[in-house]
Amino acid sequence: MTTDEHRAASRRRAAQVLLMHPIITAAERPEDLALIRGHAAELKTMFKRTLNYQLVIESGFARLLKTPLSQDTVVRPALATNGTEFAPRTYAYLALVCASLLSPNTGEQVLMSELVEQVRADAVTAAIAIDDTTAEQRHLVRAISLLVTWGVLSEVDGSVAGWEHRQDEEALLDVHRGLLPHLLTRSLRDVDDPGRLISGTPVEPLAAERPRRDLRRKLVENPLVRREDLPEAERDVLSRERRELTRVLEESFGLVLEVRAEGALAYDVDDDLSDVRFPGTGTTAHAALLLVNALTDELRPTATTTATIDERVVPGAFVSWDTAQSALDLVVEQYGSAFAKGAVADQDRLRTDVLDLLQAVSLAVVVPGGFVLHPAAARYRPEPHRAPAKTRAQRRLDDAPPALFSTGQSDHEGES
């Protein structure tokens, strides 16, 4: 590898780190920050040119400010340390904590008890009612813990988690104030409605470039881009400029572009650039992969199979809840011995988890009566070593009382 090739690979790695972790601090990820600072000028130019993202790099942190995606983008909620999604109440506490940290009364270090008192005072000012209950304390701790994860706060003495269980156990926190103003992607000064903050249109200096940048953003940030969801200008870019799009994504982020009639996806061959892995490990991921296979066997969709989503006819196969449950029953019957016992015991929860995963990777969309499975699901079909699938009639016979007469044929004849 030449020096130029090595530097290009290093810059791509820095770009991938920023996409996966938009906030990098010296305290939490010193090596990654050093890598990013080594390519600072190139990265700032590249992110602005390809995605219209602003990159802020200081001595102690790097912050990638992403512009809003479309409303149909798969939601990526903030998560607590145990994987629980943030509730609206938790987000409210997150906003209150950030406001409190920016208060003139808050210095470079703050005690947990002082921060909590400031949050309560700010809540009163903002006419937000809060109670001193265990549930409220849990929301507050999750919000503060996220700021610790982001590097806005550092635990110097004691821990935030310890305070949740015993309020008399103090915790001393370092406050990295320079990063705080960059948590939001835009200033609130000219925002008079929360909807504008969420769905605000990014400022695009060159209107002709907007379809290209919007399409690149969707391909970089989403596991799958459905062709029917793209505006005409972006579909035109995907069709006419595929070679250039492929080059930009590979050179900038190390992504490989795969385009089919139904849509497109950009993936990392090393499987590092994703917060939701599919296929993946664990019972939910395995069950989801096998369910996709079972549904494909059951429904036999073709290239012309369509379904309806929000009164639009789109490529995909409609799966009723009964069909989904029957297929999942089959998956558990054949492979349940390899699943976690809790998942087998609570199949309603397993179905919910599996569907959540398929929606997270844009392979399923819930509609009245069931969900629509996207044609891209076919690319993930596994080839497991398994017994031939039983028909519904065979499964009913297996569940029936023993017959008085036998045909003399083994119930499992032909199975491996």
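Just so you know, these numbers come straight off a predicted model, no measurement behind them.

(A) How the structure looks around the overall build of the protein chain. Summing up its helical and strand segments, the protein chain has 16 helices and 14 strands in all. Counting the 416 residues in the protein chain, one finds 42% classified as buried. By sequence separation, contacts in the protein chain at least 24 residues apart represent 64% of the contacts at least 6 residues apart. Here the protein chain displays about 23,000 Å² of accessible surface, and carbon together with sulfur accounts for 51% of that area.

(B) Looking closely at unusual backbone geometry. In this model, D310 sits at a positive phi of 50 degrees, which is unusual for a non-glycine residue. Mapped onto the elements, D310 comes out in the loop between β10 (306-309) and β11 (312-315). Although it is not a glycine, S362 sits at a positive phi angle of roughly 65 degrees. Counting through the fold element by element, S362 comes out in the loop between α15 (347-360) and β13 (364-367). A relative accessible area of 8% places S362 in the buried class.

(C) Quick look at the packing of helix α1 (residues 3-20) against helix α3 (residues 40-51). It is at 11 Å that the axes of α1 and α3 come closest, and there the two elements cross at 65 degrees. Considering only the axes of α1 and α3, their crossing is right-handed. When α1 is examined against α3, the residues R7, R11, A14, A15, L18 and L19 are found in contact with a partner set consisting of E42, L43, M46, F47 and L51. A per-class count over the contact of α1 with α3 returns eight nonpolar, no polar and three charged.

(D) Region of the structure containing the sheet that holds strand β7 (residues 225-226). Read from one edge to the other, the open sheet built from three strands follows the order β7-β9-β8, with strand pairing classed as antiparallel. A single partner strand is all that each edge strand has here, and the edge strands are β7 and β8 (255-260). Relative to the sheet, helix α9 (residues 210-221) contacts β7, β8 and β9 (263-268), its axis offset from that of β9 by approximately 60 degrees. Against the sheet, helix α11 (residues 242-253) touches β8 and β9, its axis set at about 150 degrees to β8.

(E) How the structure looks around the pairing of strand β2 (residues 54-57). Bridge count for β2 against strand β3 (residues 61-65) is four bridges, and the pairing is antiparallel. The residue bridging L55 from the neighbouring strand is L64, located in β3. Count of turn residues in the β2/β3 antiparallel hairpin: three residues.

(F) Representation of helix α5 (residues 112-125) in the model. The end-to-end C-alpha distance of α5 is 20 Å, a good match for the 20 Å that 14 residues give at a rise of 1.5 Å each. Looking at α5, one finds that the buried residues are M112, L115, V116, Q118, V119, D122 and A123. Along the axis of α5, the buried positions cluster into a sector of 160 degrees, meaning they face one direction only. Of the exposed residues in α5, the ones pointing more than 90 degrees away from its buried face are V124 and T125. Check the buried side of α5 and you find it contacts α4 (88-101), β4 (109-111), α6 (134-150), α7 (160-165) and β6 (172-175). Looking one or two residues past α5, A127 carries a phi angle of roughly 60 degrees, positive in sign.

(G) A look at the confidence of the model for the protein chain. Chain-level pLDDT for the protein chain is 83 on average; 84% of the residues reach the 70-or-more range. Per-element averaging of pLDDT across the protein chain places helix α16 (residues 392-399) at the bottom with 48 and helix α2 (residues 30-38) at the top with 96. Across residues 399-416, where pLDDT falls below 50, the model places six contacts with residues more than four positions away in sequence or in other chains.

(H) Region of the structure containing the pairing of β8. Alignment of β8 against β9, held across six bridges, turns out to be antiparallel. In the sheet register, V256 faces β9, and the bridge partner there is Y267. Remark: two residues form the turn of the hairpin made by β8 and β9, two consecutive strands paired antiparallel.

(I) Broad picture of the pattern of salt bridges. Under the criterion given, the structure shown has 18 salt bridges. Note that E228 and R226 form a salt bridge whose closest N and O atoms lie 3.8 Å from each other. The buried category is assigned to R226, whose relative accessible area is 8%. Across the salt bridge formed by E251 and R247, the nearest N and O atoms sit 2.7 Å from each other. In this pair, E251 and R247 are both assigned in helix α11, four residues apart and thus about one turn of the helix distant. By relative accessible area, E251 is classed as partly exposed at 36%. Residues joined in a network through salt bridges with shared partners are E117, R120 and D132.

Scoring rules and cut-offs
Residues numbered from 1 in each chain as written. Predicted model: local features only at pLDDT ≥ 70, side-chain atom pairs only at ≥ 80, totals over all residues. Heavy atoms only, no water. Helix = DSSP H or I, 4+ residues; strand = E, 2+ residues; numbered from the N terminus. Buried < 20%, exposed > 50% of the residue type's maximum accessible area, 1.4 Å probe, protein only. Contact = heavy atoms within 4.5 Å. Areas by Shrake-Rupley, 256 points an atom, 1.4 Å probe, with all protein chains shown as cover. Axes fitted to C-alpha atoms, helices over the stretch in contact; angles between N-to-C directions. Left-handed = near helix turned anticlockwise from the far one by under 90°. Nonpolar A, V, L, I, M, F, W, Y, C, P; charged D, E, K, R; others polar. Pairing = 2+ DSSP bridges. Expected span 1.5 Å × (residues − 1). Arc of directions from axis to C-beta. pLDDT = per-residue confidence, 0-100. Salt bridge = Lys/Arg side-chain N within 4 Å of Asp/Glu carboxyl O.

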